[in-house]
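Analysis of the macromolecular model
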Amino acid sequence: MKFPFSNLRLKASSQDIRDVVGLELGAGLKQGVPAVRLLQKDGETEVVAAGFIDLNGILPSSPEDAAAAGSGTWQLPHEFKAPRAAIAINSKQAFLRHAVDASEEGEDKNTVAFRRTKRATADDLPPLTAGLPEFQAAWAARLFPEGHKPTAFSVQIAATAAMSGFLRNPAFKQAGGNAIAMLVFAEHTALAAFQDTALVLYREQPTGFQHIRNAISSEMHIDNEMADSLLNDTLVDPTTMIEPILRPLFRQVEISVDYLSRRRNCPVENFFIYGLPTGLRYWSIIFKRMMSKTLTPCQPLEGLAGADSLPELAETAPLMMTAAGAACAVLDDIA
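Treat the numbers as computed from the prediction; the structure is a model and nothing was measured.

Counting 51 residues, the largest nonpolar core has Leu-23, Leu-25, Phe-144, Phe-166, Leu-183 and Phe-194 as its most contacted members. Leaving out residues up to four positions away in the same chain, Phe-166 has contacts with Phe-172, Ala-181, Phe-194, Phe-272, Tyr-274 and Cys-298. With 38 residues, the next largest nonpolar core counts Leu-125, Val-184, Leu-191 and Met-290 among its residues.

Taken together, Met-220, Leu-235 and Val-236 make up a surface patch of nonpolar side chains, about 280 Å² in accessible area. In this structure, Val-236 sits in the loop between α6 (224-231) and α7 (239-264). Judged by its relative accessible area of 34%, Val-236 is partly exposed.

Ordered by their spatial adjacency, 5 strands build an open sheet running β12-β11-β10-β13-β14, and the pairing between neighbours is mixed. Only two strands of the sheet have a single partner each, and these edge strands are β12 (198-205) and β14 (295-298). Taking the axes of each pair of neighbouring strands and ignoring which way they run, one obtains an average angle of 25° across the sheet. For strand β10 (residues 179-184) and strand β13 (residues 271-274), the ladder comprises 4 bridges, and the chain directions are parallel. The residue of β13 that forms the bridge with Met-182 is Ile-273.

All right, on to the environment of Thr-189 then. Mapped onto the fold, Thr-189 is located in strand β11 (residues 189-195). As a C-alpha pair, Thr-189 and Glu-204 span 15 residues in sequence and 5.7 Å in three-dimensional space. Among residues more than four places away in sequence, those in contact with Thr-189 are Met-182, Leu-183, Val-184, Arg-203, Glu-204, Gln-205, Thr-207, Gly-208, Leu-249 and Trp-283. Polar side-chain contacts of Thr-189 include one of 2.6 Å to the backbone oxygen of Thr-207.

Examined against the element boundaries, Leu-276 turns out to sit in the loop between β13 and α8 (280-291). Sequence separation between Leu-276 and Leu-183 is 93 residues, and the spatial gap between their C-alpha atoms is 7.8 Å. Once residues within four sequence positions are removed from consideration, Leu-276 is found in contact with Val-184, Phe-209, Trp-283 and Pro-318.

Looking now at the confidence of the model for the protein chain. Caution is warranted with low-pLDDT regions, since their predicted coordinates should not be read in detail. Per-residue confidence for the protein chain gives a mean pLDDT of 89, with 90% of residues at or over 70. Of the regions scoring below 50 in pLDDT, residues 1-13 engages in 53 contacts with residues more than four places distant in sequence or in other chains.

Let us now look at the pattern of salt bridges. The tally for this structure, following the rule as stated, stands at 10 salt bridges. Between Arg-264 and Asp-124 there is a salt bridge, with its nearest N and O atoms 3.2 Å apart. Taken together, the residues span a long stretch of sequence, with Arg-264 in helix α7 and Asp-124 in the loop between β7 (114-119) and β8 (128-133) at a distance of 140 residues. Here Arg-264 falls in the buried class, since its relative accessible area comes to 17%.

Now for unusual backbone geometry. Here the bond from Lys-149 into Pro-150 is cis, since omega is 10°, no more than 30 degrees from zero. Tracing the sequence through the fold places Pro-150 in the loop between α2 (134-142) and β9 (151-157). In this model, Asp-42 sits at a positive phi of 55°, which is unusual for a non-glycine residue. Turning to its location among the elements, Asp-42 is positioned in the loop between β3 (33-41) and β4 (44-53). Given the relative accessible area of 76%, Asp-42 is considered exposed. A positive phi angle, close to 60°, is found at His-221, a residue other than glycine. Its location among the elements puts His-221 in the loop between α5 (209-220) and α6.

Pairing in this open sheet of 3 strands is antiparallel, and the strands run β6-β8-β7 from one edge to the other. In the strand order of this sheet, the two ends are held by β6 (95-98) and β7, each with one partner. Pairs of neighbouring strands in the sheet enclose a mean axial angle of 15°, with direction left out of account. Of the pairings in the sheet, the one linking β7 to β8 comprises 6 bridges and is antiparallel in character. What sits directly across from Lys-118, in β8, is Thr-129. Against the sheet, α2 touches β7 and β8, its axis set at about 70° to β8.

The rules behind each value
- Residues numbered from 1 in each chain as written.
- Predicted model: local features only at pLDDT ≥ 70, side-chain atom pairs only at ≥ 80, totals over all residues.
- Heavy atoms only, no water.
- Core = buried A, V, L, I, M, F, W, Y, C linked by side-chain atoms within 4.5 Å.
- Buried < 20%, exposed > 50% of the residue type's maximum accessible area, 1.4 Å probe, protein only.
- Contact = heavy atoms within 4.5 Å.
- Patch = residues over 30% accessible without salt bridge, like charges linked within 9 Å, V, L, I, M, F, W, Y side chains within 5 Å.
- Areas by Shrake-Rupley, 256 points an atom, 1.4 Å probe, with all protein chains shown as cover.
- Salt bridge = Lys/Arg side-chain N within 4 Å of Asp/Glu carboxyl O.
- Helix = DSSP H or I, 4+ residues; strand = E, 2+ residues; numbered from the N terminus.
- Pairing = 2+ DSSP bridges.
- Axes fitted to C-alpha atoms, helices over the stretch in contact; angles between N-to-C directions.
- Polar contact = N/O pair within 3.5 Å; in protein donor to acceptor, adjacent residues only side chain to side chain.
- pLDDT = per-residue confidence, 0-100.

Structure (structure tokens):
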């Protein structure tokens, strides 16, 4: 299953587009803009470079903001200068859902124009519809115009990019195609349910890893960095602080399990979490307590050649989820 949101296709050789850098705009990370360069050769995908670029990835929130930003272009560090760029946009104004008609697609027709696309994911379901404000898509594409390296080749929304990367993960492939995945972003978590590898249910819950950080920071009067340290060790058990935040999310997983079992005759035994940078131990404990199931962690870049040669990504690899997925989506779309 492929989930590219929209391809800004240009004339390019197949050799060019098998070398692509994925970037996530709008992530709001203090480290910078996540970027992953992938090279596909002889049937193998290799990680050429991955990290954070010190550029302003804040999205314009209105057409006026986009116009005020002007037509400046981005210059990437040498190791990220692939011929083509796959841009994933992490926007609160974007939408993704199984929609029957335009009235369900999530956009406000009275405000701004939307760029959207549809893709069938299962024969018995409405198509999966993705939408992004036109001004944000156009602004992102202008950052990488023709004549520069890289050139904008694909614009995607963050959720579809992340799913493209997840579908390549070795653990998902070994699961047999029936699974529920939680794709964790800073401000929300995307729930994706798969039957025979086809996406059959998608929903979003406003619970992300930043909410967990904020809860611990507020309760213990510490900063986010200290909260992350606490989530990654066992000196203090933060379960009582974060369980009330995670319960509504895991309840949505329960509802999804019931839907797959009762409505689609598809019992699920595989549950994955993808993109979580801190606190996996405690998420897993609470999940086990609620669901009596094991939560299996997946990491972006798993299964890709060259990933093990980048030890500096050991702690930050989860934050590459969307950028890596954007590049994977382009490579898969031309395969």
